[in-house]
Amino acid sequence: MILDWKAIAGLLGVLLAALGVTMAAPALVGLAYGEAEWWAFAATAAGSVVVGAALWVAFRPKEELRVREGFAIVALAWFVLSLVGALPWVMTGVLAEFADAFFEVMSGFTTTGATILGGADTPQIEAVPNAFLLWRSLTHWLGGMGIIVLTIAVLPMLGVGGMQLFKAEVPGPSADKLTPRVTETAKRLWAIYVALTVIQTVLLLPAMSLFDAVNHAMATLATGGFSTENGSVGQYGSAYVDWVVTVFMVLAGMNFALHYRLLHRDWAATNNEELKVYFAILAGAAVLLTLTLWTPTSDVLPAPVTLDGEVVTQEKVDEVTSGGATVGDVETESADRTGGEDIGGGAQAAEALATREERGRTIVHYDGFLDALRYGAFQAASIITTTGFGTADYEVWPPLALVVLFALFFVGGMAGSTGGGVKVVRVLLILKNSFRELRQLVHPQAILPIRLDHRVVPEGIIRTVLSFIVFYVGLIGLGTLLLGVMGLDIWSAFSATFSCVGNVGPAFGAMGPTENYTHVPVAGKWLLSVLMMAGRLEIFTVLLLFTPGFWKR
């Protein structure tokens with residue numbers, strides 16, 4: 001038999017049952033808030049548990065999984081769980097189209113954070129029942145560390161090994177085990193994950209409700225980006241919230257194995273080469289953004305686009321410039337953004353912004369250095385960790401700031417983190433390999449191994465990294481082409497594909513930080529959903545299913 005489909009069905013049953021158990025949480029929240037939609041989660045949860053248990057009893061694996069089954073289970077699990085997780089959305093009519101529901105749930109599980117909510121044909125986020133808001137955050141939180149890794153912790157209790165699943169899901173060139181037993185590794189990773197989530201929740205409580213704090217903490221540690229507000233984190237208008245979220249986004253972008261070692265006072269972990277490069281890139285980007293955004297001026301006009309998604313009318317600008325009113329007296333009118341989301345919520349007063357026209361484009365600067373640092377550091381952390389939270393519309397920032405953010409889209413977090421993207425270690429290895437090739441031209445006979453943390457990196461890993469980059473760029477090119485055929489303009493098609501493959505969420509153009517994906521054609525939503533899954537599972541796990549050799553003996 002090429003694949004042991006019975007073993008695959010049995011383990012998918014375990015995952016389906018686990019999903020059903022987690023869906024009890026939004027059902028209870030719906031009941032607590034008196035929401036009529038709670039029944040959809042209860043029904044789906046019950047059905048998932050029953051079907052999952054039946055599959056496990058009927059097709060329980062009798063031996064250790066092979067590599068093929070491991071990859072097949074991981075890829076199929078994310079697809080099947082997203083299909084089931086989308087059911088409550090359409091059963092209650094919160095979302096009319098199943099493609100929209102599937103896109104939202106897949107975006108959650110893959111920690112992409114791209115949303116179709118807030119569009120012309122979809123409800124605003126604040127109008128969505130709390131049960132669904134919690135479900136969005138839960139999909140982030142489960143997908144962040146990996147529902148497979150969570151399940152690995154209990155598989156040995158069921159008599160099934162989990163190493164093949166661990167290798168297939170954990171992000172990075174190689175899976176980093178903390179202990180010889182993969183089960184113990186999974187338990188310790190989740191313990192750190194839960195602890196950090198609880199700590200962030202407590203720190204956010206002074207500035208928001210418990211419900212909002214829990215949701216934002218889960219989305220942050222998963223580097224997901226779903227918020228309970230249309231204006232994302234910026235809606236709270238709090239520098240305290242911005243800095244707390246920034247710190248925890250940075251922590252979530254680190255390798256969780258390093259968290260474990262540092263908690264056990266293994267200070268040698270601070271010498272990790274990838275960690276140093278990660279912080280160097282992050283700090284460099286934050287400094288560049290801050291200096292680019294900071295423009296001290298004594299004659300500051302209100303921003304045409306404020307952080308709460310509002311536009312200052314020309315009449316009010318004329319009043320200010322003519323002395324008829326002060327900047328603080330300016331009233332704003334809501335902008336009409338078809339299919340768009342507001343960003344922010346009074347997080348910054350109009351007097352903190354300066355604007356000017358560059359080639360017909362409004363450019364926003366910040367008058368205060370601390371404001372520039374706050375928004376620059378937040379957005380740098382949000383993009384490099386692929387979280388996707390927003391406190392500002394970065395598309396109205398200066399061109400250099402956009403270049404910096406675009407570069408961060410490619411980098412991603414560290415291997416072994418919950419972040420997406422290429423990963424810092426791969427970028428580092430590519431650079432090391434490129435410089436080695438230059439030296440090899442000068443010394444053709446020299447043996448020049450690549451070292452990482454004073455250890456020689458096997459040539460097989462270097463080849464794998466190079467292949468990954470080729471497939472990564474290829475998927476972006478293919479996705480851009482297909483979305484272009486569906487009618488999207490080239491810039492929006494490219495940035496949306498780039499964002500979804502990298503699991504970032506917000507993009508540029510029609511899918512920018514103040515917009516959403518609701519206007520993407522149905523076929524495009526299915527395509528982007530698959531690209532999100534491919535990016536989250538490190539591409540190879542999904543592409544293997546499309547290779548003829550995978551299905552041969």
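Residues numbered from 1 in each chain as written. Predicted model: local features only at pLDDT ≥ 70, side-chain atom pairs only at ≥ 80, totals over all residues. Heavy atoms only, no water.

Some words on the environment of Leu-16
In step 1: Secondary-structure assignment places Leu-16 in helix 1 (residues 5-22).
In step 2: Along the backbone, Leu-16 and Val-84 are 68 residues apart, and their C-alpha atoms lie at a distance of 8.5 Å.
In step 3: Aside from chain neighbours lying at most four places away, what touches Leu-16 is Ser-48, Val-51, Gly-52, Leu-81 and Val-84. (Helix = DSSP H or I, 4+ residues; strand = E, 2+ residues; numbered from the N terminus. Contact = heavy atoms within 4.5 Å.)

Thoughts on helix 17 (residues 399-411)
In step 1: Relative to the 18 Å expected for 13 residues at 1.5 Å per residue, helix 17 spans 19 Å between its end C-alpha atoms, a close match to the ideal helical length.
In step 2: Residues of helix 17 that are buried: Ala-401, Leu-402, Val-404, Leu-405, Leu-408, Phe-409 and Val-411.
In step 3: Within two residues after helix 17, Gly-412 carries a phi angle of roughly 80°, on the positive side. (Expected span 1.5 Å × (residues − 1). Buried < 20%, exposed > 50% of the residue type's maximum accessible area, 1.4 Å probe, protein only.)

Remarks on the pattern of salt bridges
In step 1: The final tally for this structure, using the stated rule, is seven salt bridges.
In step 2: Its salt-bridge partner being Arg-426, residue Glu-538 comes within 2.6 Å of it at the nearest N-O pair. Note that Glu-538 is positioned in the loop between helix 21 (522-536) and helix 22 (540-543) and Arg-426 in helix 18 (residues 424-442), a separation of 112 residues in sequence.
In step 3: We classify Arg-426 as buried; its relative accessible area is 4%.
In step 4: Glu-459 serves as the salt-bridge partner of Arg-436, at 2.8 Å between the closest nitrogen and oxygen. Pair noted here: Arg-436 is in helix 18 and Glu-459 is in helix 19 (residues 459-485), with a separation of 23 residues, a long-range link. (Salt bridge = Lys/Arg side-chain N within 4 Å of Asp/Glu carboxyl O.)

Quick notes on the packing of helix 2 (residues 24-32) against helix 3 (residues 38-59)
In step 1: Running from amino to carboxyl end, helix 2 crosses helix 3 at an angle of 155°, the nearest separation of the two axes being 8 Å. Between helix 2 and helix 3, the interaxial angle falls into the category roughly antiparallel. When the axes of helix 2 and helix 3 are compared, the crossing they make is left-handed. Here helix 2 contributes Ala-24, Pro-26, Ala-27, Gly-30 and Leu-31 to the contact with helix 3, which in turn contributes Trp-38, Phe-41, Ala-42 and Ala-45.
In step 2: Split by residue class, the contact of helix 2 with helix 3 holds eight nonpolar, one polar and no charged. (Axes fitted to C-alpha atoms, helices over the stretch in contact; angles between N-to-C directions. Parallel < 35°, antiparallel > 145°, perpendicular 65-115°, else oblique. Left-handed = near helix turned anticlockwise from the far one by under 90°. Nonpolar A, V, L, I, M, F, W, Y, C, P; charged D, E, K, R; others polar.)

Re the side chain of Ser-107
In step 1: Mapped onto the secondary structure, Ser-107 falls in helix 6 (residues 98-109).
In step 2: Residue classification places Ser-107 among the buried residues on the basis of a relative accessible area of 0%.
In step 3: Filtering out sequence-adjacent residues up to four positions away, Ser-107 remains in contact with Thr-112, Gly-113, Ala-114, His-140, Phe-226 and Met-532.

What to know about the nonpolar core
In step 1: Within the largest apolar cluster, 136 residues are counted, with the highest numbers of intra-cluster contacts made by Trp-89, Trp-135, Trp-397 and Tyr-517.
In step 2: Listed in part, the nine residues of the second largest apolar core include Val-425, Ile-450, Val-457 and Ile-462. (Core = buried A, V, L, I, M, F, W, Y, C linked by side-chain atoms within 4.5 Å.)

Here's the deal with the packing of aromatic side chains
In step 1: In this structure the tally under the stated criterion is 32 aromatic pairs.
In step 2: Between Trp-141 and Trp-190 the ring centres are 5.1 Å apart and the planes differ by 80°, which places this aromatic pair in the edge-to-face class. Of this pair, Trp-141 sits in helix 7 (residues 130-145) while Trp-190 sits in helix 10 (residues 182-204), and the two are 49 residues apart along the sequence. For the pair formed by Trp-141 and Trp-190, the shared burial category is buried.
In step 3: Taken together, a centroid distance of 5.1 Å and an interplanar angle of 20° make the contact between Tyr-366 and Tyr-375 stacked.
In step 4: With relative accessibility at 1%, the residue Tyr-366 sits in the buried group. (Phe/Tyr/Trp six-rings, centres within 6.5 Å; stacked < 30°, edge-to-face > 60°.)

Section: the confidence of the model for the chain
In step 1: Across the chain, pLDDT averages 82, with 81% of residues at or above 70.
In step 2: Per-residue pLDDT stays below 50 along residues 151-172; that stretch engages in 75 contacts with residues further than four places along the chain or on separate chains. (pLDDT = per-residue confidence, 0-100.)

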